[in-house]
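Residue-level structural notes
If you want the building blocks of each chain, they are given just below.
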Amino acid sequence: MKNDIIQETNVEVAPRKNFIREIIEDDLKTNKYGGRVHTRFPPEPNGYLHIGHAKSICLNFGVARDYNGKCNLRFDDTNPTKEEQEYVESIKEDVKWLGYDWEEREFYASDYFEKLYEFAVQLIKKGKAFVCDLSGDQVRQYRGTLTEPGKNSPYRDRTVEENLDLFERMRKGEFPDGSKTLRAKIDMAAPNINMRDPVMYRILRATHHRTGDKWCIYPTYDWAHGQSDSIENITHSLCTLEFVDHRPLYDWYLEQLGVYRSQQIEFAKLNLTYTVLSKRNLLQLVEEGSVSGWNDPRMPTISGLRRRGYTPESIRLFADRIGIARSESTAEVTQLEDCLREDLNRRALRAMAVLRPVKVVIENYPDDQVEELEAVNNPEDASMGSRKVPFSKVLYIEQDDFREVPPKKYWRLFPGNEVRLRYAYIIKCESVVKNSKGEISEIRCTYDPATKSGSSESQRKVKSTIHWVSAKHAVDTEVRLYDRLFTEEFPAGENWRQYLNRNSLEVLKNCKLEPSLSKAKPGDKYQFERMGYFCADEDSKPNALIFNRAVTLRDTWAKIEKK
RNA sequence: UGGGGUGUAGCCAAGCGGUAAGGCAACGGCCUUUGGAGCCGUCAUUCCCAGGUUCGAAUCCUGGCACCCCAGCCA
């Protein structure tokens, strides 16, 4: 997975200040946790991680790193009906790939099931929890509404002994699924609905990916999360804004139990234009076949971005640039793309690749001559050296780099015009050959031998430089061009799928690469000069390479043309 | 007249009573053998609105408005 062609450099700078770092610095100053900083990243293994999770990962691990603390990886696996081992594997891979290390601290909420059970018994003994026989529907009715208080469950006043007995029998499997719950006894009239006697345990016969069939009762998120934080001695429990309302409950449990108090702090989750970022939606895209899988290069998943050609550095840069705050916001996808450009510009090898080829014949170039021309590997970084590129009489250039009738400000090849062939000569278009259908089959040019790149007489300026590939040396390849998955900036609502971009994938079968590219391995990233950044796909075979376009280069010409 | 959260430029986001950081985008110019990159410059007389306090308010107070979250035995 490591790309050894890419040099180790660092596009990242000092992390941005944000309100969470401020709180932490304050706590450090007042010695609130004895100088400790201990965070956790708590994914539920019910899907693949996406760019929104990356924001959280960078926050939690980044803060731990910067304040000399620790960050645990904890799987929040309290719902066996949705969770799978495949997901935990992918999550671990993605966190590692992003560059973070949880060392030996790989934890699971399910590790604490026994302890959580004991805690629940404690609460029952304190008279703070009870076994409730209300059905799901009835619980809902009793809960009241947003504007009306709820009513006490008729089972609320069972004795401690009865609750203890019932709860134990729940665990033993004496009652059918859904027939009973354990509930906290708080306040059915609380304006915060989370405090209206929330469910702590439900009866659920499902095989858990780690505990198997050992349990038939499972803790709810609210009951498991804070106690897990406490058990792990987490100092700052960072989560997203939708949990703000849960904080009073988080604190209540810890307080009633009299255990170590972690502190929950909420921040705004990431939204991205032209993409969906909810696991539910992403799952649907995968299951309905709108994409090829969780790692389809168009997916905003970490694995999709990785396959697309994104680097961990670019994602971390992005996370840093968007910042952390409490106001809900939507970052522009272009900003993500820009982070990749910034990273790859400095590190990626350059190469020449013609995606939509048209043949050029240099009339005055000797028929069988081949020259090995010197080409720089990365103009941003001399240490990356240079390579040889073969030049001969018949070449391919990009169809787009030739116009029979040039528009205004078009500086590339057209009849009578001169352009430089990158690292080679200045050529002039003399004529055009067309086939029976009127399509251009060949562009006839002459070259000026005095203009060879690097020679003392090569200084003559022409308005533009284009890339090329020698026809007889070209490596044929497939290139997959990706565009955004959605056509709408905010693909929301019931019919969000109607905004799927039907042209989000274009496959080019007849691309011509310079020979040095034949040694590319899956995951290798290059800048195809003037075309964009490309990444060799995992579908590549030794003699049948496939490249994904990760992102185009910035294109001011495209902008001019639009006007 | 349920509770909670949030409003600073096109998009992010600092700002914590002393006179609106920074990044991205955009727009000019320079430079360029990638219409890339780089460099230089421009880009909020005003911080959701209205009052008030103060020598001084994006910051404090009062009253509005807008948007988001919550009625899973999901997380």
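Since this is a predicted model, take the numbers as computed values, not measurements.

As for the sheet that holds strand S4 (residues 129–132)
- What the four strands build is an open sheet, ordered S4-S5-S6-S7; its pairing is antiparallel. One side of each edge strand has no neighbouring strand; the edge strands of this open sheet are S4 and strand S7 (217–219). Within the sheet, the average angular offset between the axes of one strand and its neighbour, ignoring direction, is 20°.
- When S4 meets strand S5 (residues 181–184), the two strands line up antiparallel, connected through four bridges. Residue pairing for S5: alanine 129 is matched across the bridge by alanine 184.
- Most of the contacts of helix H4 (residues 113–125) go to strand S6 (residues 199–203), to which it runs at about 120°, and overall it touches S4, S5, S6 and S7.
- Against the sheet, helix H6 (residues 160–172) engages S4, S5, S6 and S7, with an angle of about 60° to S4.

A word on helix H11 (residues 312–322)
- Of all the eleven residues making up H11, eight are buried; the element is thus mostly covered by neighbouring parts of the structure.
- For H11, the set of buried residues is Pro312, Glu313, Ser314, Ile315, Arg316, Leu317, Phe318 and Ala319.
- Buried residues along H11 sit in contact with helix H2 (51–66), helix H3 (85–97), strand S10 (270–272), helix H10 (302–308), strand S11 (329–331) and helix H12 (333–347).
- A positive phi of about 75° marks glycine 323, the residue just after H11.

Here's the deal with the state of the cysteines
- All chains considered together, the criterion is met by zero disulfides.
- Note on cysteine 132: no disulfide assigned, nearest cysteine sulfur contributed by cysteine 216 at a separation of 17 Å.
- Judged by relative accessible area, cysteine 132 falls into the buried class, the value being 0%.

Details of the nonpolar core
- One finds Ile51, Val95 and Leu272 to be the most contacted residues of the largest nonpolar core, which totals 40 residues.
- Listing elements by their share of this core, those giving two or more residues are H2, strand S2 (70–75), H3, S10, H10, H11, H12 and strand S27 (546–551).
- Sort the elements by how many residues they give to this core and H2 lands first, with six residues.
- For valine 95, the residues in contact, after removing those within four places along its chain, are Phe41, Leu49, Ile57, Phe61, Tyr100 and Trp102.
- Counting residues in each nonpolar core, the second largest holds 35 residues, with Ala120, Phe167, Cys216 and Trp223 among its members.

Regarding the side chain of glutamine 256
- Summarising the element assignment, glutamine 256 is placed in helix H8 (residues 247–257).
- Among the polar contacts made by the side chain of glutamine 256, one reaches the side chain of lysine 126 at a distance of 2.9 Å.

Considering the environment of tyrosine 155
- In this structure, tyrosine 155 sits in the loop between helix H5 (136–143) and H6.
- A residue is classified by how much of its surface remains accessible, and tyrosine 155, at 26% relative accessible area, is partly exposed.
- For tyrosine 155 and arginine 40, which are 115 residues apart along the polypeptide, the C-alpha to C-alpha distance reads 37 Å.
- Beyond its immediate chain neighbours, meaning those up to four positions away, tyrosine 155 contacts Phe130, Val131, Cys132, Asp133 and Leu134.

Definitions and limits used
Residues numbered from 1 in each chain as written. Chains lettered and ligands numbered in written order. Predicted model: local features only at pLDDT ≥ 70, side-chain atom pairs only at ≥ 80, totals over all residues. Heavy atoms only, no water. Pairing = 2+ DSSP bridges. Helix = DSSP H or I, 4+ residues; strand = E, 2+ residues; numbered from the N terminus. Axes fitted to C-alpha atoms, helices over the stretch in contact; angles between N-to-C directions. Contact = heavy atoms within 4.5 Å. Buried < 20%, exposed > 50% of the residue type's maximum accessible area, 1.4 Å probe, protein only. Disulfide = S-S within 2.5 Å. Core = buried A, V, L, I, M, F, W, Y, C linked by side-chain atoms within 4.5 Å. Polar contact = N/O pair within 3.5 Å; in protein donor to acceptor, adjacent residues only side chain to side chain.

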